[in-house]
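# Coordinate analysis (summary)
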Amino acid sequence: MFSTATSCWCPAMPLFRTSGEHGVKARPRRRSTRTLEWTWSCGKTDEDGSVLSLTRLCLLSLADNMKEVWVKDYADNYLDRYSFRHIMGPFNFLPGELVEELTWLLCTRKQLTRAALHLLLVPQLRGLSLESCPSLATSALCGYITARCQALCSLDLSGAQQLPSKILSKTIRCLAALRSLSLAGTSCDGCVIKTVAHHCRLLRHLDVSCCHFLSPAALLPLGGGPFCSLSNSPSSFDCTSMSKSSISPPCPELSSSFSASLSPLPLSSLLALNIGFGEQEVDAVAAAAYLLLSLPYLERVAMEGLSLACCLIQHQEFGETDEFSDREGVPRLSEVWRERRHRQGMDSWRNRREGAADNEDEEEEKSILWEGCGSESEEDASRDERPSCSQNQAEEKRRKRVLSQPGDECLTLRLRDVKGLTCDSLESLGCLCPDICSISVNGNDHEETRGRSQGSLLATGLQTWSGQLRSLSVQYPVSLVDLLPALQVAGSSLVSLSLEGVKTSPHTPLLEVIRACPKLRDLLISAEPPTTPQEEEEEEDERDEQDLPRLPSLCSLTLSFSYVHSQMKPVMSWMSLRRILKCLLTGSPLLEKLSLVSLPCPLNCVLQDVLHTVDLGLNHFADSTNFLSMPLGRVQHLNLSRTDVKMITVKKIMQRSKRLKNVDASYCWQISKREWLDSKKFSKVQVVWV
């Protein structure tokens, strides 16, 4: 079961033990008892209500016993005394997918320790994410990664601010198989990007968001060009060496020798928002335009200056960026644009030829079926119909005419997911990117709209992708009423909608928003509450609710209103919101995540009405499968902060939802400390209250 461990830093590690004196023999009786106790507490079901597989149960048992069994011997006797380059232990025999899942499971539980991570860094590991525990990412750990996991395809070091750029470069240099790399919020700089461009030639996804030492111009090597080479440098890093003397600054190496131009990386996703410290806007725009034109496979992008870059490409105003191109030593944008258009024309012509060839093959197959019915004269005539040299020349001339037609000057990009746009750039984006299915729009009060409202610009801009847009995010302090036309244009196909910073009033047509987006699975509205209070309108509650819109596919609902921290209770300024909430909760049986924060209306009575509806339907939901189709039957995460909800209502929800994991009742003024303490005895659901 266990093997020996070897090290190039210290003598060989003794036999890897679990716990106890001899190590090889475990305590099956005790471990079996712990596993049975844990399995009983978890109900033997997965989040979707299905019975857990044996593999899943084993992984959960491993995670549950990680600290006291699997890691204990290593942590007590070796962790801080030796530095082993390789450790041969029980996890070396697990498939890489299971090791990755176990690591993720420990991260989500906040149970991943330095010792556990050392043991889980095995050669078969293909994906490693430390985003949930960035403090574990140290220079020493990066050394272990480069020594043990050189076949990594995915690495996420987001938030590891303690890692210097030299260590990042040194690590990346040894991971040539990377397809996905996330360095968001790290000290990534231009030297790291050059290392990525030279050594990660298979990279498809790169996230460098919030890297403040990285300027927009430093991203240019990703698009290829006459950049530096590392291969001939005498001091280049050797991945097999783990000595400290092998750490050398990457930038001097990059400037020591030059080679032929690099081809662009095959990036399909590039996220680079909030980078640099006060860089000039023209640099961000020019860099974004260069990367849009030079990265042919780019489908997902979030960059500074993206809006103006789209307008610049659409109107071919490249002369404004010549100074930037000359300064950075890259081809001018007019040249890059011509090369991209030529490549697009060639690809289009090749696709037409392949399509024509396929049609000819189909016709030939049909003619073969009728071959026996034809005469010899017809067969002789068919032989004479082979393409001649003159016909080939004519075809070549036609191809050149097609490529030179003015219509081909309309360059199109492959972008499908775009973030960081403004309303006035949507028209240019629509011409460049007809295949967009996800878009994020930001705005401010000082944005130039040429006399048109933001809502009008948004509705006009989204018209291009009507019927195909699946995700829309709007971050702008505009009235929700003004956004309704845009949602009516694009809402029929939306599965995700996020509206942040919007303004509301007692007459905000939220029901019309729901009606315009019937396929939503995720809905997030972060809004300002109405400033004028609304009087009670009892007649609205007496209306027939059969015709109210429903969101039967909704899985996540967040409705949050801004508040003043010093004010305990929000002002009840939107009483009619109760009817909308009841409509959402009763008409969305698939809800798994529900967040209702600082509502400007009573919530407890709404939840009581929904639970009463559940009680009336209990006879129709006898088995567990149908029980999950009831309102609130699938809820796992519940946030009711700063509302008037009572503990008796929370307990009823705990009884109804068998999957509920946690409830946030912070600042709920009708819940006392005593009730909160009693709830911890009542159920194993985690309840947060302050």
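Residues numbered from 1 in each chain as written. Predicted model: local features only at pLDDT ≥ 70, side-chain atom pairs only at ≥ 80, totals over all residues. Heavy atoms only, no water.

Quick look at the nonpolar core now. Leu112, Val208, Leu222, Leu292, Ile439, Leu462 and Leu497 are the most contacted members of the largest nonpolar core, which has 180 residues in total. Per-element accounting of this core gives the leading share, 9 residues, to helix 11 (residues 281-294). Leu292 has contacts with Leu298, Met303, Leu306, Ala309, Cys310, Ile313, Arg340, Leu413 and Leu415, leaving out every residue within four places of it along the chain. (Core = buried A, V, L, I, M, F, W, Y, C linked by side-chain atoms within 4.5 Å. Buried < 20%, exposed > 50% of the residue type's maximum accessible area, 1.4 Å probe, protein only. Helix = DSSP H or I, 4+ residues; strand = E, 2+ residues; numbered from the N terminus. Contact = heavy atoms within 4.5 Å.)

Summed over all chains, the structure comprises 10 salt bridges. With its nearest N and O atoms 3.7 Å apart, the salt bridge here joins Arg300 to Asp417. One end of the pair, Arg300, is in strand 6 (residues 300-303); the other, Asp417, is in strand 7 (residues 417-421), and 117 residues separate them in sequence. With a relative accessible area of 31%, Arg300 lands in the partly exposed category. Using a relative accessible area of 16% as the deciding quantity, one classes Asp417 as buried. Close ionic contact of Lys419 with Asp417 constitutes a salt bridge, the shortest N to O distance being 3.1 Å. Residues joined by salt bridges that share partners form a network here, namely Asp283, Arg327 and Glu328. (Salt bridge = Lys/Arg side-chain N within 4 Å of Asp/Glu carboxyl O.)

A few words on unusual backbone geometry. The backbone phi angle of Asn274 is positive, close to 60°, even though this residue is not glycine. With a phi angle near 50°, Ser598 is a residue other than glycine that sits in the positive phi range. Turning to its location among the elements, Ser598 is positioned in the loop between strand 13 (593-597) and helix 23 (604-616). The exposure class assigned to Ser598 is buried, which follows from its relative accessible area of 2%.

To continue, consider the pairing of strand 13. Burial of strand 13 is extensive: 4 of the 5 residues sit out of reach of the surface. Bridge count between strand 12 (residues 556-561) and strand 13: 5 bridges; the pairing is parallel. Paired with Leu559 across the bridge in strand 13 is Leu596. Each parallel crossover has a hand, and for strand 12 linked through helix 22 (residues 577-586) to strand 13 it is right-handed. Pairing of strand 13 with strand 14 (residues 637-639), which is carried by 3 bridges, proceeds in the parallel orientation. Paired with Lys593 across the bridge in strand 14 is His637. (Pairing = 2+ DSSP bridges. Right-handed = clockwise from strand over helix to strand, strands pointing away.)

One can describe the packing of helix 2 (residues 54-64) onto helix 5 (residues 96-108) by two numbers: an axis separation of 10 Å at closest approach and a directional angle of 50°. In terms of axis orientation, helix 2 runs oblique to helix 5. Judged by the sense of rotation from one axis to the other, the crossing of helix 2 with helix 5 is right-handed. Every residue of helix 5 that contacts helix 2 at Thr55, Arg56, Leu59, Leu60, Leu62 and Ala63 is listed here: Leu98, Glu101, Leu102, Leu105 and Leu106. Residues belonging to the contact of helix 2 with helix 5 are distributed by class as follows: 8 nonpolar, 1 polar and 2 charged. (Axes fitted to C-alpha atoms, helices over the stretch in contact; angles between N-to-C directions. Parallel < 35°, antiparallel > 145°, perpendicular 65-115°, else oblique. Left-handed = near helix turned anticlockwise from the far one by under 90°. Nonpolar A, V, L, I, M, F, W, Y, C, P; charged D, E, K, R; others polar.)

Within the secondary structure, Arg126 sits in the loop between helix 6 (114-120) and strand 1 (127-129). Counting along the chain gives 30 residues from Arg126 to Gly96, while the straight-line C-alpha distance between them is 6.3 Å. Ignoring anything within four residues of it in the chain, the contact list for Arg126 reads Ala151, Leu152, Cys153 and Ser154.

The full count for this structure, using the stated rule, is 4 aromatic pairs. Between Phe318 and Trp337, the ring centres sit 6.1 Å apart and the planes meet at 45°, which makes this aromatic pair tilted. Remark: Trp337 occurs in helix 14 (residues 333-369) and Phe318 occurs in the loop between helix 12 (306-315) and helix 13 (322-328); sequence separation between them is 19 residues. The same class applies to Phe318 as to Trp337, namely buried. With 6.1 Å between their ring centres and 90° between their planes, Phe561 and Trp574 make a pair best called edge-to-face. A residue pair is termed long-range when its members are at least 10 positions apart, and Phe561 in strand 12 and Trp574 in the loop between strand 12 and helix 22 qualify at 13 residues. A single burial state applies to Phe561 and to Trp574, both of which are buried. (Phe/Tyr/Trp six-rings, centres within 6.5 Å; stacked < 30°, edge-to-face > 60°.)

Along a regular strand, successive side chains alternate from one face of the sheet to the other. Covered by surrounding structure in strand 5 (residues 269-272) are Ser269 and Leu271 together with Leu270 and Ala272, the residues of both alternating faces. Alignment of strand 4 (residues 205-207) against strand 5, held across 3 bridges, turns out to be parallel. Bridge pairing in strand 5 places His205 opposite Ser269. Where strand 5 and strand 6 come together, 4 bridges link them in parallel fashion. Along strand 6, the bridge assignment pairs Ala272 with Met303.

A few words on the confidence of the model for the chain. On average, residues of the chain score 79 in pLDDT, and 74% of them reach the 70 mark or higher. Per-residue pLDDT, averaged within each element of the chain, yields its smallest value for helix 1 (residues 28-42) (38) and its largest for strand 4 (98). Under a pLDDT of 50 for its full length, residues 375-391 has, in the predicted model, 3 contacts with residues more than four places off or in other chains. (pLDDT = per-residue confidence, 0-100.)

A cluster of nonpolar residues, Met568, Tyr667 and Val690, forms a patch on the protein surface that exposes about 290 Å² of accessible area. In this structure, Val690 sits in the segment after strand 16 (686-688). (Patch = residues over 30% accessible without salt bridge, like charges linked within 9 Å, V, L, I, M, F, W, Y side chains within 5 Å. Areas by Shrake-Rupley, 256 points an atom, 1.4 Å probe, with all protein chains shown as cover.)

A few words now on the environment of Met303. Assignment of secondary structure puts Met303 in strand 6. Here Met303 falls in the buried class, since its relative accessible area comes to 3%. Considered as a pair, Met303 and Lys419 are 116 residues apart in the sequence and their alpha carbons are 7.4 Å apart. When neighbours within four sequence positions are excluded, Met303 is seen to be in contact with Leu270, Ala272, Leu273, Ala288, Leu291, Leu292 and Lys419.

Here we take up the packing of helix 8 (residues 165-173) against helix 9 (residues 190-199). Relative to each other, helix 8 and helix 9 sit at 5°, their axes nearing to 9 Å. Here helix 8 is positioned roughly parallel relative to helix 9, judged by the angle of their axes. Residues Ser165, Leu168, Ser169, Ile172 and Arg173 of helix 8 touch helix 9, and the partners they reach there are Cys191, Val192, Thr195, Val196 and His199. In the contact of helix 8 with helix 9, the residues fall into 5 nonpolar, 4 polar and 1 charged.

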